[in-house]
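Below, each chain spelled out in residue letters.
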Amino acid sequence: MDICPLLNSLFIFLQLMSLVRLNIKGISYSQTQNGAYALILSEVEGDRKLPIVIGAFEAQSIAIALEKEIKPPRPLTHDLFKNFADRFDILIKQVIIHKLVDGVFYSSIICERDNIEEIIDARTSDAISLALRFDAPIFTYKNILDKAGIYLKGSEQDKMSEDDEEDDILVDQLVLDEEEHSSGSTDYKKLSLSELNSLLEQAVVAEDYEAAAKIRDEISKRN
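Residues numbered from 1 in each chain as written. Predicted model: local features only at pLDDT ≥ 70, side-chain atom pairs only at ≥ 80, totals over all residues. Heavy atoms only, no water.

Under the annotation held in an unreviewed UniProt entry, the protein chain carries the name BFN domain-containing protein and is attributed to Leeuwenhoekiella polynyae.

Engineer: Please clarify how the overall build of the protein chain should be interpreted in this entry.
Structural biologist: Tallying secondary structure elements over the protein chain gives 9 helices and 8 strands in all. The buried share among the 223 residues of the protein chain stands at 43%. For the protein chain, contacts bridging at least 24 residues in sequence account for 60% of all contacts bridging at least 6. (Helix = DSSP H or I, 4+ residues; strand = E, 2+ residues; numbered from the N terminus. Buried < 20%, exposed > 50% of the residue type's maximum accessible area, 1.4 Å probe, protein only. Contact = heavy atoms within 4.5 Å.)

Engineer: What am I meant to see in unusual backbone geometry here?
Structural biologist: Outside of glycine, negative phi angles account for most residues, and trans bonds account for most peptide bonds. For aspartate 114, which is not a glycine, the phi torsion comes out positive at approximately 55 degrees. Here aspartate 114 shows up in the loop between β5 (104-113) and β6 (116-123). Although it is not a glycine, asparagine 115 adopts a positive phi angle of roughly 65 degrees. In this fold, asparagine 115 is placed in the loop between β5 and β6.

Engineer: Mind showing me how you'd approach the nonpolar core here?
Structural biologist: One broad rule of soluble globular proteins: the nonpolar side chains tend to lie buried together. Membership of the largest hydrophobic core comes to 35 residues, with the highest contact counts inside it found for Leu39, Leu41, Leu50, Ile62, Phe105, Ile109 and Ile128. For this core, the element with the most residues is helix α4 (residues 124-134), which contributes 6 residues. Beyond its immediate stretch of four places on either side in the chain, isoleucine 62 contacts Ile24, Ile27, Leu39, Ile54, Ser125, Ile128, Ser129 and Leu132. Grouped together as the second largest cluster of nonpolar side chains are 11 residues, Ile150, Tyr188, Leu191 and Ile215 included. (Core = buried A, V, L, I, M, F, W, Y, C linked by side-chain atoms within 4.5 Å.)

Engineer: Sorry, what's going on with the side chain of serine 107 here?
Structural biologist: Position of serine 107 relative to the elements: it lies in strand β5. Only 2.7 Å separates the side chain of serine 107 from the side chain of threonine 124, close enough to count as a polar contact. Here serine 107 is in contact with Ile96, Ile97, His98, Ile120, Asp121, Ala122, Thr124 and Ala127, once residues within four sequence places are set aside. (Polar contact = N/O pair within 3.5 Å; in protein donor to acceptor, adjacent residues only side chain to side chain.)

Engineer: Explain the pattern of salt bridges here, please?
Structural biologist: Working definition: two side chains of opposite charge can pair if their charged atoms are close together. Overall, the coordinates contain 11 salt bridges when judged by the stated rule. Aspartate 114 is the salt-bridge partner of arginine 113, the closest N and O atoms lying 3.7 Å from each other. With a relative accessible area of 59%, aspartate 114 lands in the exposed category. Among the salt bridges present, the one from arginine 123 reaches aspartate 126, with a minimum N-O distance of 2.9 Å. The network of salt bridges with shared partners includes Glu43, Arg48, Lys142 and Asp146. (Salt bridge = Lys/Arg side-chain N within 4 Å of Asp/Glu carboxyl O.)

The structure is reproduced here in structure tokens:
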């Protein structure tokens, strides 16, 4: 009996079991880099947040997708892809953030046409923009969330819940206005691990997720 197919099936099953579903908590302005934003993903059955740094165009595309009632006068790139996929009966079933290397998240788009499933490599910001337009679920693997997730405790989590309305306002502002926010940047490479951990805690408390993502990436490089 050939056990290879069984082993492959078991491997796929174990991968699926380790998937963690995410939803979009909001979009934050960059506090350290002009023109950048932090997309905040939150695990559905947990308290951890996964901040991902994205550009202004990607942030605007995601914000427009979140605001279902807003339709741009001409289709954006991701809207064009959605129209193209609909015309040729291509369905996006799910998006998986499957790898994290040197602070860069890698994602896969799981598509289906005529009952044939395909996996397409994509930037995470593009994958999430499309997932929103197809109402497709977003997942990551547990080991990625263990490595890059930010865990909020007690009062910090309560404060995040109270700030949901502020996140909605920020998305509205992003859709309506690309206001510039400039501030100085910090060279995290010059700081010690203890200093980085202290800054990470401060950034989380201040809900500066873009800075928290950069600090977390620097810590990950040293571990």
